[in-house]
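# Notes for the structure review
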Amino acid sequence: MMGDSAQTDAEEVDALEADPAPDGMPAALAFDDGPLQAPLRPEGSRLSHDMPAGTRRLQADQATPRIPGFDEMVDGQGQVRPYWRPLIGNLSGLDRAAMAPRLERIRQQFDDNGVAYTAYGDPRSMVRPWAFDPIPMILQPAEWRQLRDGLRQRARLLDTLLRDLYGAQTVLQSGALPPSLVYGSREFLRPAHKRPAADGSAAPPEGAGTPMLSVYAADLVRDNDGRWRVLADRTEVASGIGYALENRRALARSLPELFSGYAVARISPFLAVLELRLRQGAAGTGPAPRTVLLTPGPGHRAYFEHVFLARELGVRLAEGADLTVRADGVFLKTLRGLLRVDLILRRVVSLMCDPLELRADSRFGVVGLAGAVRRGQVAVANDLGSGLLETSGLFAHLPRIAKEWWGESLSLPSAEMLWGGRPDDLEEMLAEPGAFEFRQAIDPVLPSAEDGEHASDIQLSDPDALAHMAVRPAQITGLRRPELSQAPCWNENGLSPQPVVLRMFVLADGTGDYAVMPGGLARMSENGAAFRTSLHGGGVAKDVWVLTDDVRSVQPPIPLRGDGMTVLPGGQAATEPAGGRAAEAPPRRRRRGALAGVNAELESALPSRVAENLYWIGRYTERLDYGARLVRAALWRMTVSELGPREMLDLGALGRAMARGFLISPEAAGAPPYSSQFAQAVTAALGPGSSYRETFGSLTGTANAVWDRLPRDLWVIVQDLGQQGPQLLDRAGNHPDDLIGACDRLVRMSAAFSGLVSEIMTRGEGWRFMELGRRLERGLQVVSKVDASLGLAPGHWEAALALALDLCESTITHRSRYHTALEPQTVLHLLLVDAGNPRGLAFQLQGLRTHLGQLPNSEALAFLSAPRSLEADLRKAVLRLDRRQEDIAAALDVVRDLLSYADQRLADLNGEMSRSYFSLIPETRRLGFARWTA
């Protein structure tokens, strides 16, 4: 989980958002209407900050031409709008020097929290940092209420329309929507149609209060007259809620002075409404319905938000391979059995949710999910097929559908979308094709982050559109290019206007209506195109402030267990009902009831995918530590003024150990330690293209796959190790001293990881599998180090034993425990037999035996009986090692044979664990044939 830091951030934000105006300043709208004392140009001018010698003033940039579109900050007379003036005043004390560390703090917070995205069109799918502008977008209370009411109305219409399209289809019968725009669309999923099943059984009835559209987002633009219009409906997957919340937290923490003089509506209660909706969506499944968030995985553009929502809502993050459909429902596969799933919060597009009935090539879906939904065995939010509402053909008909079929006109109008099937619309598009963005009627108005497309992927060129309209005009739609409003954006020179698109979020509130987040996500595009301001198209994000004159909206979050507060339509929290009398608090449920009948062991069981990833995180971190320690030990000896016999022996043994660890080639390991071949191999062992460098990428990718399972501090240190490690080595280059310093940093970062694992991870199955990975990898390393060192004996006992102690970080322990010269028995007892030495082999074997014994079905593991006999054999062999005896060479051979056996058993254990817990494939057995005789 996120840990206490996330709660602290939320509390900071709540306090700032609820902060009243200082010095008795009236509510947010009660500003003096007089002009701001600063030279300003008329609306459309470029505003910038001039900051000579620490002073600050607004000035007009005379070289900048008039910018078309509505100006959010400046009115038609060139005056700053009243509700923007406190922000300008708050900024007056922040020059570039003061802003630089604040912006760096925001960037660091985003980086620590993993706020990033993968940009469209990037062939390498590189993760990029989140681009954020600290100047918020401000909405007045009256303006917000109009948007809220319009979005709620639109959400009700879309939900009603979705029910009808997948039900009785009366809208098609009425003629308000041409059937070709539905049946010809790939977004209309016939398996999701609520019709009688193939076997004649009727589909289960949909509950009257259960919406098909649970979470909805709308992209809005403001026209030249200052009126907001809906540019696109996001009904398939409403991305951006997590980014909006992170934007607010980062801004409140790093620039709290911006909130001075404002009463900003809180947005964190929106998640409480979402959690309540999820519980109600799985109604009838018991007091604790089990919800999973279905994600395509860490390679997805919006994976940060998937993890964020799973953590904040307290639900499991699952990939398609983690789920299975059985005769009686959908289940989560875990190491201890199957867990029934009641509700799926979907972040996979509908078409990819079921490779059996939808897209056969889907790698992200669950086989049989569509059938389970039809049978009512699992609820999905949003329902499968909701992407049909995003198509441009339906968007063009929505005003007519609302008025003629639904009986209401849209209070929040849509952007102008023309359809080639109407003669008047066709004539208008042919008359001025340059004024429109053309789409096929079955394509979305704007693609989403989930479908992997960019606006350019579905946009038709003018010649192609004209050719289509000449043959099949009903297949083409044209969206008139809007002139976007301009909002102030921070840059090095101050403030400058940039085009902005607003995204707002709506969700079913459980009362039959919808709640709207009092805030949202604004996105800016420098080229001014509304179609290039996608979350993942490279735009810059802004926080959205909704000013409030209602004190109820700045009260504590909406409760879920009943304490006298209620949820109002629109998502507000009230402490008394509409009649004015205090509402009686419903009786609290006994806490023990929440745990009644819950199998805690089964509930905490891990999916196999998660267990494997945690196991490999443990192995990869130990591997990075091992490589850094070996190379550092070699460089220490290579940088002495002159290589002596002792250094030559040590480097030869280190070369063999590095070759076994695939750090250098066997040829380089066999070269003389004084040769340039050996020196170049050691300095390049951690360089670009090496197997060691690949481990950094493997660690980062594996950690991303279980991001939601790692405590925040542990996640940060893993990211630092995976990202800063290669940077440290790149800066060091091939210079030995710099490489030693880089290795020191890597060893300390690995030690920090180990400490956090020990201190903050709950002793559950996740921690156990990570520890198994660490113990197995370190056991292999101890075997490799000791065996390479013993290669110097018995001819050079002193050098062999000293090197073994040094590589296993046990020199000080041996010196303080045994006040004698180095002896084979004492050294090897400490390294191989002493279970109290965390860098010794016995410690690793004992840890493996303990952790394996706690796993389900561990009795089938052949390894469990091996550690005890191996430890006993090692103890006997070490006791026989007395270099005063004549058979010392034979005794040494026995120890090295046992080390080889231990190495093989540890390698075999990796395969056993993979078969038993990760891939779940039974062990391959050879079939024998009995000899037949007549």
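In this text the structure is predicted, and so the values were computed from the model without any measurement.

## What to know about the overall build of the chain
If you tally the helices and strands in the chain, you get 29 helices and 24 strands. Burial statistics for the chain: of 934 residues in total, 57% are counted as buried. For the chain, the share of sequence-separated contacts (at least 6 apart) that also reach a separation of at least 24 residues comes to 70%. Total accessible area on the chain stands at roughly 38,600 Å², and carbon and sulfur atoms take up 51% of it.

## Quick word on the nonpolar core
Counting 175 residues, the largest nonpolar core has Phe 769 and Leu 832 as its most contacted members. In terms of residue count, helix α16 (residues 608-638) provides more of this core than any other element does, 14 residues in total. In this structure Phe 769 touches Leu 335, Leu 606, Ala 611, Leu 614, Tyr 615, Leu 855, Met 913, Tyr 917 and Phe 918, once residues within four positions along its chain are discounted. Trp 228, Leu 389, Tyr 514 and Val 544 belong to the second-largest nonpolar core, a separate cluster that totals 88 residues.

## Overview of the packing of helix α23 (residues 765-790) against helix α24 (residues 797-807)
Where α23 meets α24, the closest approach of the two axes is 8 Å, and the angle between their N-to-C directions is 165°. With respect to α24, the element α23 is oriented roughly antiparallel. Between α23 and α24 lies a crossing of right-handed hand. When α23 is examined against α24, the residues Lys 785, Ser 789 and Leu 790 are found in contact with a partner set consisting of Trp 797, Ala 800, Leu 803, Ala 804 and Leu 807.

## Examining the pattern of salt bridges
Applying the stated criterion to the full structure yields 56 salt bridges. Among the salt bridges present, the one from Glu 357 reaches Arg 374, with a minimum N-O distance of 3.0 Å. Here Arg 374 lies in helix α10 (residues 369-374) and Glu 357 lies in the loop between β13 (343-346) and α10, a separation of 17 residues in the sequence. Note on Glu 357: relative accessible area 29%, which makes it partly exposed. Here the salt bridges do not stand alone but share partners, grouping Asp 625, Arg 629, Arg 632, Asp 744, Glu 809 and Arg 839 into one network.

## A short note on the sheet that holds strand β14 (residues 379-381)
Taken together, four strands build an open sheet; the order of strands is β9-β8-β13-β14 and the sheet is parallel. If you trace the sheet from one side to the other, it starts and ends with β9 (316-318) and β14, each paired once. Direction aside, the axes of adjacent strands within the sheet are offset by 30° on average. Direction of pairing for strand β8 (residues 291-294) relative to β13: parallel, over a ladder of four bridges. Residue Val 292 lies in a different strand from β13, and its bridge partner there is Ile 344. Helix α9 (residues 303-313) rests against β8, β9 and β13 of the sheet, and its axis sits at about 150° to β9.

## As for the side chain of Arg 503
Among the secondary structure elements, Arg 503 is positioned in strand β19 (residues 494-508). A polar contact is formed between the side chain of Arg 503 and the side chain of Asp 219, at a distance of 2.7 Å.

## Topic: the sheet that holds strand β16 (residues 436-440)
Pairing is antiparallel across the open sheet formed by three strands, whose spatial order is β15-β17-β16. Every other strand in the sheet has two partners, leaving β15 (417-419) and β16 as the edge strands with one partner each. Ignoring which end each strand starts from, the neighbouring axes of this sheet average 25° apart. Here β15 runs beside strand β17 (residues 476-480); their pairing, made up of three bridges, is antiparallel.

## A word on the side chain of Thr 391
If you trace the backbone, Thr 391 turns up in the loop between β14 and α11 (392-406). Of the residues examined, Thr 391 reaches a relative accessible area of 2% and is grouped as buried. Every residue in contact with Thr 391, bar those within four places of it in the chain, is listed here: Ser 185, Glu 187, Ala 441, Ile 442, Asp 443, Pro 444 and Val 445.

## Re the pairing of strand β22 (residues 540-546)
Within β22, six of the seven residues are buried, which leaves it mostly tucked inside the rest of the structure. Relative to β22, strand β5 (residues 132-139) runs parallel, the two being bridged by five bridges. Note on β22: the bridge partner recorded for Phe 132 is Ala 541. Here strand β21 (residues 521-524) pairs with β22 via four bridges, running antiparallel. Paired with Leu 521 across the bridge in β22 is Asp 543.

## Observations concerning helix α12 (residues 423-431)
Where α12 is concerned, the buried positions are Asp 425, Leu 426 and Met 429. Looking straight down α12, one finds that the buried residues subtend no more than 100° of arc, so they occupy a single side. In α12, those exposed residues whose orientation departs by more than 90 degrees from the buried face are Pro 423, Asp 424, Glu 427 and Ala 431.

## Remarks on unusual backbone geometry
A cis amide bond, omega -10°, links Ala 381 with the succeeding residue Asn 382. Within the secondary structure, Asn 382 sits in the loop between β14 and α11. Phi at Asn 857 takes a positive value of approximately 60°, unusual for a residue other than glycine. As for its placement among the helices and strands, Asn 857 is situated in the loop between α27 (841-853) and α28 (866-879). The exposure class assigned to Asn 857 is exposed, which follows from its relative accessible area of 54%.

## Here we look at helix α7 (residues 241-254)
With 14 residues, α7 extends 20 Å from end C-alpha to end C-alpha; this agrees with the ideal 20 Å at 1.5 Å per step. Within α7, 13 of the 14 residues are buried, leaving the element largely enclosed by the surrounding structure.

## Focus on the pairing of strand β12 (residues 337-341)
Pairing of strand β11 (residues 329-334) with β12 involves five bridges; the strand directions are antiparallel. Directly across from Lys 333, in β12, lies its bridge partner Leu 338. What sits between the antiparallel neighbours β11 and β12 is a turn of two residues.

## Let's talk about the environment of Tyr 303
Examined against the element boundaries, Tyr 303 turns out to sit in helix α9. Residues Tyr 303 and Ala 705, spaced 402 residues apart in sequence, show a C-alpha to C-alpha distance of 9.4 Å. Once residues within four sequence positions are removed from consideration, Tyr 303 is found in contact with Thr 295, Gly 297, Pro 298, Leu 317, Asn 704, Ala 705, Val 706 and Trp 707. A polar contact is formed between the side chain of Tyr 303 and the backbone oxygen of Asn 704, at a distance of 2.9 Å.

Each value, and the rule that gives it
Residues numbered from 1 in each chain as written. Predicted model: local features only at pLDDT ≥ 70, side-chain atom pairs only at ≥ 80, totals over all residues. Heavy atoms only, no water. Helix = DSSP H or I, 4+ residues; strand = E, 2+ residues; numbered from the N terminus. Buried < 20%, exposed > 50% of the residue type's maximum accessible area, 1.4 Å probe, protein only. Contact = heavy atoms within 4.5 Å. Areas by Shrake-Rupley, 256 points an atom, 1.4 Å probe, with all protein chains shown as cover. Core = buried A, V, L, I, M, F, W, Y, C linked by side-chain atoms within 4.5 Å. Axes fitted to C-alpha atoms, helices over the stretch in contact; angles between N-to-C directions. Parallel < 35°, antiparallel > 145°, perpendicular 65-115°, else oblique. Left-handed = near helix turned anticlockwise from the far one by under 90°. Salt bridge = Lys/Arg side-chain N within 4 Å of Asp/Glu carboxyl O. Pairing = 2+ DSSP bridges. Polar contact = N/O pair within 3.5 Å; in protein donor to acceptor, adjacent residues only side chain to side chain. Arc of directions from axis to C-beta. Expected span 1.5 Å × (residues − 1).

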